[in-house]
Amino acid sequence: MTTQKFETCTLPNGLQVVVQAMPSMQSAALTLMIPAGSIYDLPGKSGTSALLSEIFTRGAGDLSARELSSAFDNIGLQRSVSGGVGYLTVSAATTADRIMDAVPLIAKMLLEPHITAENFAPSRDLVYQALNAMEDEPKQRLGQYLRRCSYPTPFSNPSEGTMEDLVNLSVADVQSHFDSLMIPNEAVLGIAGNVNFADVQQAMTAAFGEWKSGTPTVLTTGEVTKSPLHIEHDSAQTHIGIAWDTVPYAHDRYFEAWATISLLSGGMSSRLFTEVREKRGLCYAISASINTQKGMARVFGYAGTTNERAQETLDVMVAEIRRIHEGITEDELQRCKARAKSTLIMQQESTMSRSSSLARDTLFLERVRTLQEIRDMLDALTVKQVRDFAVEYAPQAMALVTIGPAALDAACVAGT
Amino acid sequence: MQFHKHTLSNGLQVIAELNPAVYSVAAGFFVRTGSRDETEDVSGVSHFLEHMAFKGNDKYSADDVNRIFDEIGANYNASTGEEITMYYAAVLPEYLDPAMELLSILMQPTLLQEDFDMEKNVILEEIGMYDDQPSFTAYDTIMATHFAKHPLGQSILGTKESITALTSDQMRHYHSQQYTAGNMTLAVTGNTDFESLIAIIEKYCGHIPSGVVDRPLPEVQPVNSTHLLTRESSVQQHIMQMGIAPKGTDPRRFAAELLSVIVGDDSGSRLFWELVDPGHVEGADLGYNEYDGAGTWMTYLSCMPDEVEVNLARMQKVFDEVNRNGVTAEELEQAKNKVASRIVLRGERPMGRLTSLGGNWVYRGEYNTVADDLQIVRSLTLQDITDMLQVFPIVMYTTVGVGPRTTLETNPAPAC
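Residues numbered from 1 in each chain as written. Chains lettered and ligands numbered in written order. Predicted model: local features only at pLDDT ≥ 70, side-chain atom pairs only at ≥ 80, totals over all residues.

Caption draft 1: Focus on the overall build of chain B. The number of helices and strands found in chain B is 15 helices and 11 strands. Its C-alpha atoms give chain B a radius of gyration of 22 Å, within 12% of the compact-globule value 22 Å for 416 residues. Counting only C-alpha atoms and orienting by the principal axes, one finds that chain B spans roughly 60 × 50 × 35 Å. The buried share among the 416 residues of chain B stands at 51%. In chain B, the proportion of contacts linking residues at least 24 apart, taken out of those at least 6 apart, comes to 80%. (Helix = DSSP H or I, 4+ residues; strand = E, 2+ residues; numbered from the N terminus. Rg over C-alpha atoms; globule rule 2.2 N^0.38 Å. Buried ≥ 20, exposed ≤ 12 C-beta atoms within 10 Å, placed from the backbone. Contact = placed C-beta atoms within 7 Å.)

If you want it as structure tokens, here you go:
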């Protein structure tokens, strides 16, 4: 097992920086997460954070959009700015000798964007185009509806925005989102690769030292949209989405939740894959995974199947979910652990995946878990614990969304 | 980093790039077979067979194969293309032996009738799934029209009809013809030593029947054509176009690759600035694809249906300008930086190296280190781009549209 060393510092403005030096790598990657995602979009203004992330790439400070893009390309920086649900995330990676050159450019992009009418119009057009494209991809649309039918507002806000709200957005909305939410106090920057802590600390202080802190926004949660929900669509397959509550990443019993879902859907020997696809040939794609936000989490299940087999697929899938606590064997749990350990170790071969883990752990746990710690937690996990969790957290009513030519009988997802 | 090669007595070629500094080892069979090697009556058999490979043999059942792969925490899967069917597993070094045993079983599955009948349903579901993805439908159709009467035009998945009609005897026959040791390359990357690797491979792969397979490489002769698949319920129009580019063995392929980055990368390229940045389209890109004895330029455009002509004209203007005046030194330098950092980042993971190691060997019998690849990219000049463009200008012969449009105005390319 490899040893890892994490070093952290907090700038006076509150920005937390977490560094993992990986001296055997040639590359370095950074992930900056700022709590400014779509959950902070105001009612009737969904898509604000998506628009802001579009605008970030359209010039900054004294640089035009093309100059900013060229400056990034000159150092071979692979980058993305995305407005997610909870966070606005910047990811960037290049060879380690050039990563420090990227830091001041990224800071400029985030702190001095050109939020102007001139940039607003094409950004809105692009968000509009992306929403149109989603209309043609039923699986993607399903995700948006499933979130709405399983999370309360504002955690259900669509990060892509909606057609209805897009027309109501103005430059002033984007500016106000920027002013109130783009603050360093609760942001985290993770950096992993062939770098050293002193250099990182110096570069971050120089680039982000002037970033002004502000008052964090407090959210209040509202309603969950009712389901089952069916969206009629002229598609070859019926796309089925199921959701239910589970515990979030920071919860004491998260690993038990993870193991439960892993029994269901981790690997090709998992129960859903075996029962729905291998034994019955009902579908090609089937999955279940945990979607975690700060403070709450859901399991999202998906299957895509031809319309005449959709009802059977749904029924078998839900039956497997409902009997997950039955007959869990030592070997079955062992397989889940083996897959998790091997994934964890292989993560050490990617600076990108390490930098995002550093940022995510710091945000959700307020510290970074070491490989050894996770390994110990996995080793300690017993069949009894997993079974107890599955019983205690067994879903009663589940959220159900379908997209396809016809609605399905939803009796199986109703609570008792 | 050490390169080794070895040929087993049955003709199986083994190539390995070993690196003690990484945590995992990846192995992959590259079988030189795909949709182009099928006859019309067995369309889709390569891909169906790839699924059947996981159904096991006399010693291990389908459940065993999935179970053992999961027990050793393998990251494993397979893919089928026009020319190569690839089976891979990445594991921690201590599990290389069981991983190799399973991979060798995939090469010689029993192909039971019962499994064949069940898996046929899964294949039909997979066809349905891709049918709901307009970009995939456009790709399948443009390959069929651009490569009309050429083996590369044959569909990877096949059709509902061809899969329904396929028999297990036809599959067994295809398997016995194509899955011979001389038609395979086993590539290994990562942390192991060559001596024990070869011992493991001799143990598990020595029984694969010998034999080489001939593959005809006819010239491609596309004719100007426009083909529309009308889907009234689509919101956007998806357009693909194809032209002729350097073959997979042509040294000019590197210049073609860099040119496609300059002209058609998803950010910072000429198409990006002309079409995406102003918000005219959801997506517009140009890619270069290399094949055995062929090569293509391929464009993808998705936008609102009534703006297709004006956007195609914008793309055409970009291509005309490049064909006439080439690119600038600054653009070339940026593209080199982009490509170089991609090579480095991908090369850090054994799984990332596996594809390029195996692909290079199967197509060209060459081994290139990451440093060699970087050197090739660095040494390309503006003259190389100009020379390549003289022979392979960005000219599109074939157009395919998927979406609501029933007619489309395109400018025919000069006869080729």
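Here the narrative resumes, following the displayed structure.
Caption draft 2: Here's a closer look at the sheet that holds strand 11 (residues 396–403) of chain B. Residues and elements named next belong to chain B. Across the sheet, five strands lie side by side as 7-11-8-10-9; this open sheet has mixed pairing. Whereas interior strands pair on both sides, the edge strands pair on one side only; in this sheet they are strand 7 (225–230) and strand 9 (283–291). Strand-to-strand twist of the sheet, defined as the mean angle between neighbouring strand axes without regard to direction, takes the value 15°. Looking at chain direction, strand 9 and strand 10 (residues 294–303) are connected through nine bridges and run antiparallel. Counterpart to Gly-283 in the pairing with strand 10 is Ser-302. (Pairing = 2+ DSSP bridges. Axes fitted to C-alpha atoms, helices over the stretch in contact; angles between N-to-C directions.)

Caption draft 3: Region of the structure containing the domain arrangement of chain A. All names here are of chain A. In terms of domain boundaries, chain A breaks down into domain 1 (6–208) and domain 2 (229–356 + 367–413). For domain 1 versus domain 2, the separation of C-alpha centres amounts to 29 Å. Listed by partner, the interface residues are 28 residues for domain 1 and 22 residues for domain 2. Here the side of domain 1 that touches domain 2 takes six residues from helix 5 (residues 138–148), the largest share from any one element. Across the side of domain 1 that touches domain 2, the residue classes tally to 18 nonpolar, eight polar and two charged. (Domains from an automatic or database assignment. Nonpolar A, V, L, I, M, F, W, Y, C, P; charged D, E, K, R; others polar.)

Caption draft 4: Expanded view of the environment of Leu-301 of chain B. Residue and element names in this part refer to chain B. Among the structural elements, Leu-301 can be located in strand 10. Taking the number of C-beta atoms within 10 Å as the measure of exposure, Leu-301 has 27 and is therefore buried. Apart from the residues lying within four places of it in its own chain, the contact partners of Leu-301 are Ile-239, Val-281, Ala-284, Asn-311, Leu-312 and Met-315.

Caption draft 5: Representation of the pairing of strand 6 (residues 184–190) of chain B. Residue and element names in this part refer to chain B. Where burial is concerned, most of strand 6 is hidden: seven out of the seven residues are buried. Sheet topology places strand 2 (residues 13–18) next to strand 6; six bridges connect them, and they run parallel. Along strand 6, the bridge assignment pairs Ala-16 with Val-188.

Caption draft 6: Main features of the nonpolar core. Residues Ile-106, Leu-189 and Met-204 of chain A are the most contacted members of the largest nonpolar core, which totals 70 residues. Looking at this core element by element, the count peaks at eight residues for helix 3 (residues 96–111) of chain A. Core analysis: the second largest hydrophobic core is formed by 69 residues, Val-25, Phe-48, Leu-103 and Leu-357 of chain B among them. (Core = buried A, V, L, I, M, F, W, Y, C linked by C-beta atoms within 7 Å.)

Caption draft 7: Expanded view of the sheet that holds strand 4 (residues 78–83) of chain A. Residue and element names in this part refer to chain A. Strand order in the open sheet made by the six strands is 1-2-6-3-5-4, with mixed pairing throughout. Edge positions in the sheet fall to strand 1 (6–10) and strand 4, since each of these pairs with one other strand and no more. Across this sheet, the average inter-strand angle for adjacent strands is 10°, counted without regard to direction. Running over the sheet, helix 8 (residues 197–208) touches strand 1, strand 2 (16–21) and strand 6 (188–193) and is turned about 150° from strand 2.

Caption draft 8: Layout of the domain arrangement of chain B. Residue and element names in this part refer to chain B. Under the domain assignment, chain B is made up of domain 1 (2–205) and domain 2 (225–403). The interface of domain 1 with domain 2 comprises 30 residues on the first partner and 26 residues on the second. Contributing elements (two or more residues each) for the side of domain 1 that touches domain 2: strand 2, strand 3 (25–31), strand 5 (85–91), helix 5 (134–146) and strand 6. Of the residues in the side of domain 1 that touches domain 2, the class split is 15 nonpolar, 11 polar and four charged.

Caption draft 9: Representation of unusual backbone geometry. All names here are of chain A. That bond from Thr-153 to Pro-154 is cis: its omega, 0°, falls within 30 degrees of zero. Within the secondary structure, Pro-154 sits in the loop between helix 5 and helix 6 (163–166). For the peptide bond that leads from Ser-227 to Pro-228, omega is 5°, which places it in the cis range. With respect to the helices and strands, the residue Pro-228 is situated in the loop between helix 8 and strand 7 (229–232). For Glu-366, which is not a glycine, the phi torsion comes out positive at approximately 65°. In this fold, Glu-366 is placed in the loop between helix 13 (351–365) and helix 14 (371–380). Note on Glu-366: 10 C-beta atoms within 10 Å, which makes it exposed.

Caption draft 10: Here's a closer look at the interface of chain B and chain A. Contact residues are listed per partner, giving 53 residues for chain B and 54 residues for chain A. For the side of chain B that touches chain A, the elements supplying multiple residues, two or more each, are helix 2 (62–71), strand 5, helix 4 (113–131), strand 10 and helix 12 (329–347) of chain B. For the side of chain B that touches chain A, the element with the most residues is helix 4 of chain B, which contributes nine residues. Of the residues belonging to the side of chain B that touches chain A, the class tally is 22 nonpolar, 17 polar and 14 charged.

Caption draft 11: Summary view of helix 2 (residues 65–74) of chain A. Taken together, the buried positions of helix 2 of chain A are occupied by Leu-68, Ser-69, Phe-72 and Asp-73 of chain A. For helix 2 of chain A, the buried positions fall inside an angular range of 130° around the axis, keeping them on one side. Buried residues in helix 2 of chain A make contact with strand 4 and helix 3 of chain A together with helix 12 of chain B. (Arc of directions from axis to C-beta.)

Caption draft 12: Representation of the packing of helix 9 (residues 253–264) of chain B against helix 12 of chain B within the structure. Residue and element names in this part refer to chain B. Taken N-terminus to C-terminus, the directions of helix 9 and helix 12 make an angle of 105°; their axes are 9 Å apart at the nearest point. Put simply, helix 9 runs roughly perpendicular to helix 12. Residues Leu-258, Val-261 and Ile-262 of helix 9 form the contact with helix 12, whose participating residues are Glu-331, Leu-332, Ala-335, Lys-336, Lys-338 and Val-339. Of the residues contributing to the contact of helix 9 with helix 12, the split by class is six nonpolar, no polar and three charged. (Parallel < 35°, antiparallel > 145°, perpendicular 65-115°, else oblique.)

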